[in-house]
Amino acid sequence: NIDSSNNLFAVNRKIQRSPSMEQQEDVLLTRAAEKAVEVWMEKENSGSNKKEMSMSTMVLLFVTMNVALYFVRNGSEQTFQATLFFINAFVLYLVMERTGTKSSSKQTKGKSLKAKVAKKKKKVMETDGINAPALEIEKPHQKIMPGSTMPRSTPVKNTELEMKLHNCGANSAEALRAYAAAPTESIQVQPHSYVQTDASLFNLRIGPNYKRNKQKAPSAPALYDLYSMDFLYDSTALKNVSDKFKIPSIPGITDVSTGHAHIPPMLVINTWLPGEEPSVFAKNTDGDTYSIPMVFVLSKDTLEQLKDIDNASPGVKLLSEWCRRAESEPDFKGRFKCMGQIEDIESTSIPKFIHGYNGKPALVTKSGTFTRHENYIEFTINVNYWAFLARKGLHSLMPYFQDFIFNIGFTIEARHDEEMPEVLLGGCRIMNLDPDKAAVDV
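Just so you know, these numbers come straight off a predicted model, no measurement behind them.

Conventions and cut-offs
- Residues numbered from 1 in each chain as written.
- Predicted model: local features only at pLDDT ≥ 70, side-chain atom pairs only at ≥ 80, totals over all residues.
- Heavy atoms only, no water.
- pLDDT = per-residue confidence, 0-100.
- Contact = heavy atoms within 4.5 Å.
- Pairing = 2+ DSSP bridges.
- Helix = DSSP H or I, 4+ residues; strand = E, 2+ residues; numbered from the N terminus.
- Axes fitted to C-alpha atoms, helices over the stretch in contact; angles between N-to-C directions.
- Polar contact = N/O pair within 3.5 Å; in protein donor to acceptor, adjacent residues only side chain to side chain.
- Phe/Tyr/Trp six-rings, centres within 6.5 Å; stacked < 30°, edge-to-face > 60°.
- Buried < 20%, exposed > 50% of the residue type's maximum accessible area, 1.4 Å probe, protein only.
- Lys NZ or Arg CZ within 6 Å of the ring centre and 35° of its normal.

**Student:** Can you tell me about the confidence of the model for the protein, naming the residues and giving the values?
**Tutor:** Do not read the fine detail of predicted coordinates wherever pLDDT is low. Averaged over every residue, the pLDDT of the protein is 80; residues scoring 70 or more account for 68%. Ignoring residues within four places in sequence, the model shows residues 1-30, a span with pLDDT below 50, making 37 contacts including any to other chains. Here residues 101-105 is a poorly scored stretch, pLDDT under 50, and it has 8 contacts once near neighbours within four places are set aside; other chains count.

As structure tokens, then:
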């Protein structure tokens, strides 16, 4: 309550540490506490989105404030810094708790999808005789083509892209290359659709001496072209993309030898997003999940460079090393990075504290799984393994997805001058994604 908050502020003002740090520490702690109380009270007093504070939140609030008081009074400089970090982390948690609900209509998305999943399970329950118990039987299902659950955006009328697509098949090599080379303005912005992203939107590492100079520049064209994206929801994650989808065969692309046995012509990136509210105390590594598989094929330029790997660009050489070593070397596999960038984020209703993370890369270490298949590499990103704040932040963004355009990109982290500049592996521009339209009956 407000009285206890005022008492906390008074105690903070009386705390005495070294004279050189006394004012700075008091100001930092007071601001952190004030921010926590402000967010808490705003949440408690909001009319339309009023929600009782959970037991876990109250326990965390009690523990946080008491630990803060103890360490600030008795702790060393290191413990003070650790306590300050903990307070700020908890403030972020409270903010994300407050923004966890956007509107009652959008909150129903999870319930409607759960109902669809339950109905799907009921369909596969068959009985053997009148009094026989129901058994869950896995019926054989027909695999679908990638891109069947999510439409690709169509070209603007009377553009060069539309003319090219008119003269070739929608899933042909010519159509794939045409989409990859098309400028963003030649493709319509259509709700709940996707298209290949513009690689230059992502600023990646450049040399020399990145560790010292910290310089970045827009990426060169991606090493892979996007073939398809799908969006599914189920009570369990899609463990293998080939369980539900036919792996595409594209004459002139997937049947062309790369000249290197460890580099197949296709890369499948399958991302799992939590379909349930993340827990601060436990990681649910499966359960209700949004699965987002993306299929990429090597670009025409990358295929050309692979013919002479010694003279290839640093990005192509690094890709070759990653394909060769990631399967057996966890540290090298952990160089895989993903980046998410919301277009025109200032005009959205997304909380301001998230803006600073827009476009920031995240290394996929323990949450990444590398699997080699005959004609493709499958890389799975399980977001359920991420830290709580990352999972909570991403889950809190779900109701906002249909309000913005989201670019996601992937790359291999360069750490030495000879590996730079970094270049985008591939990416996808996702327009106004509607979580309630995730495919269930697949």
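Read on, since the account is not over.
**Student:** Break down the sheet that holds strand S11 (residues 361-363) for me, citing the residues and quoting the values.
**Tutor:** In spatial order, the strands read S3-S15-S14-S10-S11; together these 5 strands make up an open sheet with antiparallel pairing. With partners counted over all chains shown, the strands left at the sheet margins are strand S3 (193-196) and S11, one partner each. Neighbouring strand axes in the sheet, compared pairwise and without regard to direction, differ in orientation by 20° on average. Pairing of strand S10 (residues 336-342) with S11 involves 3 bridges; the strand directions are antiparallel. Looking across to S11, one finds that Cys 338 is bridged to Ala 362.

**Student:** Mind laying out the environment of Arg 391, listing which residues take part and the relevant values?
**Tutor:** Looking at where Arg 391 falls in the secondary structure, it is placed in helix H13 (residues 388-397). The spacing of Arg 391 and Pro 278 is 113 residues in sequence and 6.4 Å in space, taken between C-alpha atoms. One polar contact links the side chain of Arg 391 to the main-chain carbonyl oxygen of Trp 386, over a distance of 2.8 Å.

**Student:** Residue-level account of the environment of Ile 269, with values.
**Tutor:** Along the chain, Ile 269 turns up in strand S8 (residues 266-274). With near-sequence residues (within four places) excluded, Ile 269 lies in contact with Ile 292, Pro 293, Met 294, Phe 296, Phe 336, Phe 379, Ile 381 and Phe 410.

**Student:** Kindly report on the packing of aromatic side chains, identifying the contributing residues and their values.
**Tutor:** This model, assessed by the stated rule, comprises 11 aromatic pairs. Consider the rings of Phe 401 and Phe 404, whose centres lie 5.7 Å apart with planes at 70°: the pair is edge-to-face. The two residues Phe 401 and Phe 404 agree in class, both being buried. By way of ring pairs, the aromatic residues Phe 296, Trp 322, Phe 336, Phe 370, Phe 379 and Phe 410 are connected into one cluster. Here the basic side chain of Arg 152 rests over the ring of Tyr 179, its NZ or CZ set 4.7 Å away from the ring centre. A cation sits over an aromatic face here: Lys 239 above Trp 272, 5.7 Å from the ring centre.

**Student:** Could you give me a rundown of H13, with the residues and numbers involved?
**Tutor:** In terms of residue burial, H13 counts as a mostly covered element, since 7 of its 10 residues are buried. If you check which residues of H13 are buried, you get Phe 388, Arg 391, Lys 392, Gly 393, His 395, Ser 396 and Leu 397.

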